[in-house]
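One-letter residues, chain by chain:
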Amino acid sequence: MSGADRESSDPRDLALRVEALEALLREKGFLDSAQVDAIVRHYEEDVGPLNGAKVVARAWTDTAYRRRLLADGTAAIAELGFGGPQGEYMVVLENTPTVHNVVVCTLCSCYPWPVLGLPPAWYKSPAYRSRIVREPRAVLREMGLELPAEVEVRVWDSSSEVRYLVLPERPAGTEKLSEDELRRLVTRDAMIGVGKVRVGSEASGG
Amino acid sequence: MSGADRESSDPRDLALRVEALEALLREKGFLDSAQVDAIVRHYEEDVGPLNGAKVVARAWTDTAYRRRLLADGTAAIAELGFGGPQGEYMVVLENTPTVHNVVVCTLCSCYPWPVLGLPPAWYKSPAYRSRIVREPRAVLREMGLELPAEVEVRVWDSSSEVRYLVLPERPAGTEKLSEDELRRLVTRDAMIGVGKVRVGSEASGG
Amino acid sequence: MNGIHDMGGMHGFGRVEVEKGEPVFHARWEARVFGMSLLAGLRLGANIDERRHGLERLDPVTYLRDGYYGRWLVRLEQSLLERGVLRPGELAGRLAGHKAAATPLPKLPAPARPAEHPFLRTVDRSPVFRVGDRVQTRNHQPAGHTRLAGYTRTRRGVVARVYPACVFPDTNAHGQGEEPQPVYAVRFEGRELWGESAEPRSSVYFDCFESYLEPDAHA
Amino acid sequence: MNGIHDMGGMHGFGRVEVEKGEPVFHARWEARVFGMSLLAGLRLGANIDERRHGLERLDPVTYLRDGYYGRWLVRLEQSLLERGVLRPGELAGRLAGHKAAATPLPKLPAPARPAEHPFLRTVDRSPVFRVGDRVQTRNHQPAGHTRLAGYTRTRRGVVARVYPACVFPDTNAHGQGEEPQPVYAVRFEGRELWGESAEPRSSVYFDCFESYLEPDAHA
């Protein structure tokens, strides 16, 4: 297989090409553009890191749930209604004061869609895929997370269909917050393991 | 270092760029275009596989020279007047009915310039560099050389400054040929190890 | 295959660049390629291992240059061509402004009845290895699809987790059956993978299909 | 460095294409880049290891896309920029049609007196290994320049030839001295390098600097 027949990777050419391709497939009756719309809308609007944040906040506030989550991630995540493609066998990794977990897929860009949505560009980049396994501390530092020397760092390379979600540490000073308030603190980056949850920095995209 | 600032690899753009670069360097007094001409002429006209072919033909017809050549390639090649950059430490590998040698440089494209000239495009290609070490028989077959199963194949990867020249087998039926006639049979490909010397196929580029 | 996709541990790709805003899709075409690819996968019945292998077989410049959804686009076109949904030259003709009607669809096989689980399978034997076992990965480097990355090949580690039997990508990508087998998360010390260049107190947990492993001969 | 240049054993680059005619240079610009690079190397005094490392540090798309002399061109421009022979933007200005005169040359150091031999050195110790010794390559994967290819790392082989002491590229490329040391042609069996995918009766002879080697612990 080769991409040689498509000489251009100019965005305008790509836009035209994809439009023509969809029109052809529609005219052939191979697909219905409304179905494409529905898939796109689902991944743009319904699925995202808010799902994972609910899982994390529940685990922080409900010890029995946390136990179930660490024992059988798939089932515990399904309790909150999340599951499906790229999340059919979920394993949750617990960060502690002495162990920091971080997730990658060096061979492609596997990612737990049902709880985190589609992966950000940097997660799919050759730089992240090539470097995080070899020099995790250096990469995390570049991304703003300096790990103390005494903390052990474990990189999980998603080479099978198992999908990993990091359970970040609950930050100090959040004892009085409700599950809902906690949920809003949890960032996607913390659930990949390239960040930590901090008080006062509400979750945005990162 | 990055090539990102040069967006085009269009040959016309490259030609203009190189012309502008040479003009700048000339105006600065950094180089003299006549010097560039001389280098180019040297490698286009004076140096090439004919040099190697002289070495091979001499080794086929002079047993004492053959012995010296295999014992100290650099010195024996210098006897015929060849040496210089990319040929400062030469080792000659003798092909026999049971052992076939073939040369590559997987890490860049090292090649014995003084005896073979500058390398052909295929020698520098990712396909040759990546594959010949892993599947030499398959690559040689694609290039027209089917090695019998009982022949051992040895691939020499030029990872140091040592440069390798293959001494091909002298073909049967050439007993009556002069050194000069033999020289004209010797191909560059045979001296890299991707071909054999055959009677009736005068050496061309390949 | 030892392809360009197998980039774990490579140098030379620069810094990890985090963009502002991070949209799910950066352009409408990315979104359409994503949606069409999912639909085509269902309709054509290609399994995930075949589809991953389709990406790996892109030529390396295309792989690196085109980005994630650019690669998906090349693969989508390729699989549509292979199944006869697109005819050779048909898309190029449209782009050149030809008004020819779309060619009719070939007869496509009915979608296979989905298995009970996409990749988990029940096998009637126990896993060969247990948590804590010292193992080493084989020198397994087929020309076809594999999920044993180059940087973990012939390395020694310790079984950290045992997962249920899963479909084996190396055979499933090539229509050679599911060969379900246990999967293990194996812990490899940084030093074992990267030698003296390893960062201190670092390790990689890599999911290994049972076929990739043998007992550590020198443990 | 584990860069894209380290492609021995990779899959995915297709067939070896032999062109018709095989000109030494395919265009005038290739010839000029070749000649200018040789002259610049002499004038700027960069050693061959630095220059090779300059190619390795190209970004991987450029490396694969630009071809042999295209890579030389990027490296040539880069080294001229680094030494101040070219000013940033100066070449782009010319190409954009600006008529500005070329900026004057900076003071360049006098070319170093060439060593008696470009890479052979006399050392006052004997080689550690002898022909026939069983050795293994270290897990040596520095971020900088090395001539130990990935596919030969941590592999077991037999010393086939012992060469004189040579300048060590791993240090010489980084201005860390010549560290001359013996070089060995080590024979690695195909099976050791490629596992079951190896062709029968095949081996690779790879030139290893002494630092890359240790005795085979399991021989």
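Quantities reported herein were computed from a predicted structural model and do not represent experimental measurements.

Participant: Describe the packing of helix α1 (residues 28-44) of chain C against helix α3 (residues 60-82) of chain C, listing the residues and the values that go with them.
Facilitator: Residues and elements named next belong to chain C. The geometry of α1 relative to α3 is characterised by a closest axis approach of 9 Å and an angle of 35° between their N-to-C directions. Here α1 runs over α3; the crossing is left-handed. Judged by residue contacts, Trp29, Glu30, Val33, Phe34, Met36, Ser37, Leu38, Ala40 and Leu44 of α1 engage Tyr69, Gly70, Trp72, Leu73, Leu76, Ser79 and Leu80 from α3. In terms of residue class, the contact of α1 with α3 is built from 12 nonpolar, three polar and one charged.

Participant: For the environment of Arg137(A), give the residues involved together with the corresponding values.
Facilitator: With respect to the element layout, Arg137(A) can be found in helix α9 (residues 136-142). With 47 residues separating them in the primary sequence, Arg137(A) and Met90(A) have C-alpha atoms 25 Å apart. For Arg137(A), the residues in contact, after removing those within four places along its chain, are Leu147(A), Pro148(A), Ala149(A), Val151(A), Glu152(A), Val153(A), Glu199(C), Pro200(C) and Arg201(C). Within the local environment of Arg137(A), its side chain forms a polar contact with the backbone oxygen of Pro148(A), the two atoms lying 3.3 Å apart.

Participant: Which residues make up the sheet that holds strand β2 (residues 99-104) of chain B, and what are the values?
Facilitator: With mixed pairing, the seven strands of this open sheet are ordered in space as β2(B)-β3(B)-β4(D)-β3(D)-β2(D)-β1(D)-β5(D). Edge positions in the sheet fall to β2 of chain B together with β5 (213-215) of chain D, since each of these pairs with one other strand and no more. Averaged over all pairs of adjacent strands, the angle between their axes in this sheet comes to 35°, without regard to strand direction. Of the strand pairs in this sheet, β2(B) and strand β3 (residues 152-157) of chain B are connected by six bridges, and their pairing is parallel. Paired with His100(B) across the strands is Val153(B), a residue of β3(B).

Participant: I'd like a description of the packing of helix α3 (residues 49-61) of chain A against helix α4 (residues 63-71) of chain A, backed by residues and values.
Facilitator: Helix-helix packing is described using two parameters, namely the angle between the two axes and the distance between the axes. All names here are of chain A. Contact pair α3 / α4: the axes reach a minimum separation of 5 Å and the direction vectors enclose 125°. Here α4 runs oblique to α3, going by the angle between their axes. Counted together, Val55, Arg58, Ala59, Trp60 and Thr61 of α3 and Thr63, Tyr65, Arg66 and Leu69 of α4 form the full contact between these two elements. For the contact of α3 with α4, the class distribution of residues is five nonpolar, two polar and two charged.

Participant: Could you give me a rundown of empty space enclosed by the protein, with the residues and numbers involved?
Facilitator: In this structure the tally under the stated criterion is two cavities of 30 Å³ or more. Its volume calculated, the largest cavity comes out at about 670 Å³. Listed by contribution, the elements that provide at least two residues to the lining of the largest cavity are α6 (190-194) of chain C together with α6 (190-194) of chain D. A per-element tally of the lining of the largest cavity places α6(C) first, with three residues. Here the lining of the largest cavity is built from residues that sort into nine nonpolar, 16 polar and eight charged. In terms of lining residues, the second largest cavity is bounded by Val103(A), Tyr111(A), Pro112(A), Leu116(A), Tyr123(A), Tyr164(A), Met191(A) and Ile192(A).

Participant: Outline the sheet that holds strand β2 (residues 156-166) of chain C, listing residues and values.
Facilitator: Each strand in a sheet pairs with its neighbour through backbone hydrogen bonds, running either in the same direction (parallel) or in the opposite one (antiparallel). Reading across the sheet, the seven strands line up as β2(A)-β3(A)-β4(C)-β3(C)-β2(C)-β1(C)-β5(C) and stay open at both edges, with mixed pairing between neighbours. Strands at the two margins of the open sheet, each flanked by one partner only, are β2 (99-104) of chain A together with β5 (213-215) of chain C. The sheet shows a mean angle of 35° between the axes of neighbouring strands, direction not considered. Both strand β3 (residues 152-157) of chain A and strand β4 (residues 202-209) of chain C contribute to a ladder of five bridges, which runs parallel. In the strand pairing of β4(C), Val153(A) is matched with Ser202(C).

Participant: A description of the pattern of salt bridges should follow, citing residues and the corresponding values.
Facilitator: Scanning the entire structure with this criterion turns up 56 salt bridges over all chains. For Glu210(D), the salt bridge is made with Arg125(D), and the minimal N-O distance between the two is 2.9 Å. Separated by 85 residues along the polypeptide, Glu210(D) in the loop between β4 (202-209) and β5 and Arg125(D) in the loop between α4 (90-95) and β1 (134-137) bring together distant segments of the chain. Within the structure, one salt-bridge network assembled from shared partners comprises Glu152(A), Arg154(A), Arg187(C) and Glu189(C).

Participant: Lay out the environment of Pro215(D) in plain terms, naming residues and giving numbers.
Facilitator: Residues and elements named next belong to chain D. The residue Pro215 is located in strand β5 in this model. Taking relative accessible area as the criterion, Pro215 reaches 54% and is therefore assigned exposed. Sequence separation between Pro215 and Asn2 is 213 residues, and the spatial gap between their C-alpha atoms is 24 Å. In this view, Pro215 contacts Phe129, Arg134, Val135 and Gln136; residues no more than four positions away in its chain are not counted.

Participant: Account for the nonpolar core, naming residues and giving values.
Facilitator: Counting 249 residues, the largest nonpolar core has Tyr128(A) and Tyr128(B) as its most contacted members. Ignoring anything within four residues of it in the chain, the contact list for Tyr128(B) reads Val102(B), Val103(B), Val104(B), Trp122(B), Tyr123(B), Val139(B), Met143(B), Ile192(B), Val194(B) and Val16(D).

Participant: Provide a residue-level description of the interface of chain C and chain A, including the pertinent values.
Facilitator: Chain C puts 91 residues into the contact, and the matching count from chain A is 85 residues. Across the chain C to chain A interface the summed buried area is about 7,700 Å²; carbon plus sulfur atoms make up 61%. For the chain C face of the interface with chain A, the top three residues by lost area are Val16(C), Arg32(C) and Arg201(C), together amounting to 9%. Viewed at the interface, chain A and chain C are joined by eight salt bridges. Measuring nitrogen to oxygen at the nearest pair gives 2.9 Å for the salt bridge that ties Glu161(A) to Arg52(C). Summed over the shared surface of chain C and chain A, the result is 38 residue pairs in polar contact (both at pLDDT 80 or more). Counting residues per element, the side of chain C that touches chain A draws most heavily on α3(C), which supplies 18 residues. Of the residues in the side of chain C that touches chain A, the class split is 49 nonpolar, 16 polar and 26 charged.

Quick notes on the rules
Residues numbered from 1 in each chain as written. Chains lettered and ligands numbered in written order. Predicted model: local features only at pLDDT ≥ 70, side-chain atom pairs only at ≥ 80, totals over all residues. Heavy atoms only, no water. Axes fitted to C-alpha atoms, helices over the stretch in contact; angles between N-to-C directions. Helix = DSSP H or I, 4+ residues; strand = E, 2+ residues; numbered from the N terminus. Left-handed = near helix turned anticlockwise from the far one by under 90°. Contact = heavy atoms within 4.5 Å. Nonpolar A, V, L, I, M, F, W, Y, C, P; charged D, E, K, R; others polar. Polar contact = N/O pair within 3.5 Å; in protein donor to acceptor, adjacent residues only side chain to side chain. Pairing = 2+ DSSP bridges. Parallel < 35°, antiparallel > 145°, perpendicular 65-115°, else oblique. 1 Å grid on protein atoms, 1.4 Å probe; cavity = no way out; pocket = protein on both sides within 12 Å on 5 of 7 lines; lining within 4 Å. Points joined across faces, edges and corners; volume = space filled by probe spheres on them. Salt bridge = Lys/Arg side-chain N within 4 Å of Asp/Glu carboxyl O. Buried < 20%, exposed > 50% of the residue type's maximum accessible area, 1.4 Å probe, protein only. Core = buried A, V, L, I, M, F, W, Y, C linked by side-chain atoms within 4.5 Å. Buried area = accessible area lost by both parts, 1.4 Å probe.

Note that every value here comes from positions in space, so none of it alone points to a role or purpose.
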